[in-house]
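Read off the chains here:
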Amino acid sequence: MEANTSDGTDDLVETLSTAEKKVLLALDERGGRASPDELMEATDLEQVKVMNASSWLQSKGLAAMEEDLESSYQVTGEGQRFLQEGLPEVQVLELVMDGTHRFSELRKQRDDLDIAIGWLMRKGWCTIDKKEGDRVLTPTEKGEKAVEGEQPEVMVLRRIAKGEAPGDPDMAETLVQRNALSENEEITRTVILSDTGKDVVKQGLEISEEIAQLTPEHIQSGSWRERSFRRYDVTSFAPVVHPGKRHPLSRLIERVRRIFVEMGFQEITGGYVEPCFWDMDVLFIPQDHPARDMQDTFYCSNPDTLPIDDELLEIVKMVHETGGDTGSTGWQYDFDSEQARRVVLRTHTTVNTIRYLAEHPEPPAKVFSIGRVFRRETIDSTHLPEFYQIEGIVHEEQANFRQLIGLLTEFYKKLGFDDIRLRPAYYPYTEPSMDVEVRWHGRWMELGGSGIFRPEVTEPLGVTEPVLAWGLGLERIAMELYGLHDIRQLYLSDIEWLRNAPML
Ligand code: PHE
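Residues numbered from 1 in each chain as written. Predicted model: local features only at pLDDT ≥ 70, side-chain atom pairs only at ≥ 80, totals over all residues. Heavy atoms only, no water.

A. View of the overall build of the chain. A tally of helices and strands in the chain yields 22 helices and 14 strands. The C-alpha radius of gyration of the chain comes to 43 Å, more than 25% above the 23 Å expected for a compact globule of 504 residues. Based on the C-alpha atoms only, the size of the chain along its principal axes is roughly 125 × 90 × 45 Å. Here the chain holds 504 residues, and 43% of them are scored as buried. Of the contacts made within the chain by residues no fewer than 6 positions apart, 67% connect residues no fewer than 24 positions apart. For the chain, the accessible surface area stands at approximately 27,900 Å², while carbon and sulfur atoms represent 48% of it. Within the chain, the 91 negative side-chain charges are centred at a point lying 3 Å from the centre of the 56 positive side-chain charges. (Helix = DSSP H or I, 4+ residues; strand = E, 2+ residues; numbered from the N terminus. Rg over C-alpha atoms; globule rule 2.2 N^0.38 Å. Buried < 20%, exposed > 50% of the residue type's maximum accessible area, 1.4 Å probe, protein only. Contact = heavy atoms within 4.5 Å. Areas by Shrake-Rupley, 256 points an atom, 1.4 Å probe, with all protein chains shown as cover. Lys, Arg positive; Asp, Glu negative; His and termini not counted. Charge placed at Lys NZ, Arg CZ, Asp CG, Glu CD.)

In structure tokens:
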């Protein structure tokens, strides 16, 4: 190993820009201290360049910046009057001592009587008495003495008028309050060379015109060949910026959308308001199913019903009651067509895919939707009454369960979840059915349901080939990817969190 000859400042020197080197040298020539103005003159650099270089030197520990806040005063018009005529309280006291005691008479001679009296009382130079319905002023001993000498106010004003320091800072403040002085605060900056800075200069700095930013001109003219390049310092400090960006949830939606499109799917959408028929009956959900309860579902009052195609309604009614032509025995109860017309906020986006199937009974089809659904949930850290579902179907000849598993595995893999697990589950509209779980940070979390639509669902729509279907939660995925413990965080508009949420 080679010995380190230059006490570790070599690397530091490498990071110095030409401007920083110039400033260092200029500081050294001036004994280690200089104002920005002096540095501008010495380096022939503009002010911004000098200030920039100085703050970089500061962050590298080669210089320090001292800031001094200095007040400077100027005598105002009022101050000039004080200088020429004396203070109002002195003038009034002189009138009093010459025999004019009464307020009414004094007021005839002085517009500023109230101000003068204020100061006379404050200084204890006078007392006020009542006499024959008027008020009169009587000088105190202190007052009589005080008017003889020179007033400290005037002394301070005179010094400032001559460009000297006020000498009495408290009095200067009082005069500012009396509008006799105006105050300017000025920051004076001094750049100071640090010990490390001195060492660096001692080692010798070579100023060569380095290229910090390569331009087309450098390349066209070939001048880059003769010049040296400034080294990048990827570890150097840079301010944090928070550019505008889309909401984390919108970004995730965008990503999910892209994944399905990549996998050859087309996006479909639907409305929030749907009759029970499409949200539930077509899906062979029995009318006494607990999910239909007022407790779980938002029923709409305006409109409270929507018309349903009579023919299709009749077929679905038969399927529920007896199984119709589906080979099933149905649910064996009296189907209520009125109930089917009732209007709800959609409880799942399966309503989107089933409507699509009804309109496109011919295979093949690969469609997906990402949309909000509504359930009467009590809000807590894992439940919201409105949330997003990622829904989809594959409708094609020979579609099968393996394909469904492969598809979901692929989808989650693309999102970054490598391990997924499928568990047998039950949904009234699929057979077989399975729930999807993914492994994240050592535990399994349930993300949604899937399966193959039952004949009771597909037959009435004229669909004869198998349909793979799934409905997955979006917020759960977001919670995991953004590391949240509370689902509500996604909807809080918490600016700190929004700024710092990672770009996935
Ligand atoms: N609709 C189901 C839910 O909301 C999910 C699902 C969709 C299950 C499609 C099977 C098939 O949880």
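B. Looking closely at the pattern of salt bridges. Under the defined criterion, the tally for this structure stands at 33 salt bridges. In this structure, Arg 107 and Asp 114 form a salt bridge, with 3.5 Å as the shortest nitrogen-oxygen distance. Classification of Arg 107 as partly exposed rests on a relative accessible area of 40%. Measuring nitrogen to oxygen at the nearest pair gives 2.8 Å for the salt bridge that ties Arg 421 to Glu 437. Here Glu 437 lies in strand β12 (residues 430-440) and Arg 421 lies in strand β11 (residues 420-424), a separation of 16 residues in the sequence. (Salt bridge = Lys/Arg side-chain N within 4 Å of Asp/Glu carboxyl O.)

C. How the structure looks around the sheet that holds β12. Here seven strands make up an open sheet; going across it, the order is β6-β9-β10-β14-β13-β12-β11 and the pairing mixed. Whereas interior strands pair on both sides, the edge strands pair on one side only; in this sheet they are β6 (266-267) and β11. Of the strand pairs in this sheet, strand β10 (residues 386-395) and strand β14 (residues 467-473) are connected by seven bridges, and their pairing is antiparallel. Looking at the pairing, Gly 392 lines up with Trp 470 of β14. Contacts between helix α14 (residues 248-262) and the sheet are confined to β6, β9 (365-374), β10 and β14, with β9 contributing the most and set at about 160° to the helix. With respect to the sheet, helix α19 (residues 401-415) is in contact with β10, β11, β12, β13 (443-453) and β14, its orientation differing from that of β14 by roughly 30°. (Pairing = 2+ DSSP bridges. Axes fitted to C-alpha atoms, helices over the stretch in contact; angles between N-to-C directions.)

D. Representation of the packing of aromatic side chains. A full pass over the atoms with the stated rule returns twelve aromatic pairs. When the ring of Phe 277 is compared with that of Trp 278, the centres are 5.3 Å apart and the planes differ by 90°; the resulting orientation is edge-to-face. Its relative accessible area of 0% is what places Phe 277 among the buried residues. Aromatic side chains Tyr 482 and Trp 497 sit 5.9 Å apart centroid to centroid with 80° between the ring planes, which places their arrangement in the edge-to-face category. Taken together, the residues span a long stretch of sequence, with Tyr 482 in helix α21 (residues 475-482) and Trp 497 in helix α22 (residues 495-500) at a distance of 15 residues. A network of ring pairs unites the aromatic residues Phe 260, Phe 265, Phe 368, Phe 411, Tyr 412, Phe 417 and Trp 470 as a single cluster. One residue, Arg 178, lies across the ring of Trp 119, its end atom 4.0 Å from the ring centre. We note Arg 342 situated over the ring of Tyr 299; from NZ or CZ to the ring centre the distance is 4.1 Å. (Phe/Tyr/Trp six-rings, centres within 6.5 Å; stacked < 30°, edge-to-face > 60°. Lys NZ or Arg CZ within 6 Å of the ring centre and 35° of its normal.)

E. Spotlight on the packing of helix α6 (residues 88-97) against helix α8 (residues 113-123). Where α6 contacts α8, the two axes come as close as 8 Å, and the packing angle between them is 90°. Judged on the interaxial angle alone, α8 and α6 are roughly perpendicular. Between α6 and α8, the contacting residues are Pro 88, Glu 89, Val 92 and Leu 93 on the first element and Leu 113, Ala 116, Trp 119, Leu 120 and Lys 123 on the second. Taken together, the residues of the contact of α6 with α8 break down into seven nonpolar, no polar and two charged. (Parallel < 35°, antiparallel > 145°, perpendicular 65-115°, else oblique. Nonpolar A, V, L, I, M, F, W, Y, C, P; charged D, E, K, R; others polar.)

F. Spatial organisation of unusual backbone geometry. Omega for the bond connecting Pro 363 with Pro 364 falls within 30 degrees of zero, at -5°, which places this linkage in the cis form. For the bond from Glu 431 to Pro 432, the omega torsion is -5°, close enough to zero to count as cis. Position of Pro 432 relative to the elements: it lies in strand β12. Not every positive phi belongs to a glycine, and Glu 132 is a case in point at roughly 45°. By secondary structure assignment, the location of Glu 132 is in the loop between β3 (126-131) and β4 (134-139). Here Phe 284, not a glycine, exhibits a phi torsion of approximately 60°, which is positive. In this fold, Phe 284 is placed in the loop between α15 (276-281) and α16 (310-322). Taking relative accessible area as the criterion, Phe 284 reaches 3% and is therefore assigned buried.

G. Structural detail: a negative patch on the surface. Side chains of Asp 293, Asp 296, Glu 377 and Asp 380 sit close together on the surface and give a patch of like negative charge. Along the chain, Asp 380 turns up in the loop between β9 and β10. (Patch = residues over 30% accessible without salt bridge, like charges linked within 9 Å, V, L, I, M, F, W, Y side chains within 5 Å.)

H. Representation of the site of the ligand. Near the ligand you find 13 residues, and of these His 348, Thr 350, Arg 375, Gln 389 and Tyr 429 are the closest. One of the side-chain nitrogen or oxygen atoms of His 348 is found 3.0 Å away from a nitrogen atom of the ligand. At a separation of 2.8 Å, an oxygen atom of the ligand approaches a polar side-chain atom of Arg 375. In the complex, the protein chains occlude 92% of the 320 Å² of accessible area that the ligand would expose alone. If you map the ligand onto the pockets, it falls in the largest pocket. Only β10, β13 and β14 provide two or more residues apiece to the shell around the ligand. No other element matches the three residues that β14 contributes to the shell around the ligand. In terms of residue class, the shell around the ligand is built from four nonpolar, seven polar and two charged. (Near = heavy atom within 4 Å. Polar contact = N/O pair within 3.5 Å; in protein donor to acceptor, adjacent residues only side chain to side chain. 1 Å grid on protein atoms, 1.4 Å probe; cavity = no way out; pocket = protein on both sides within 12 Å on 5 of 7 lines; lining within 4 Å. Sits in = over half its atoms within 2 Å of the grid points.)

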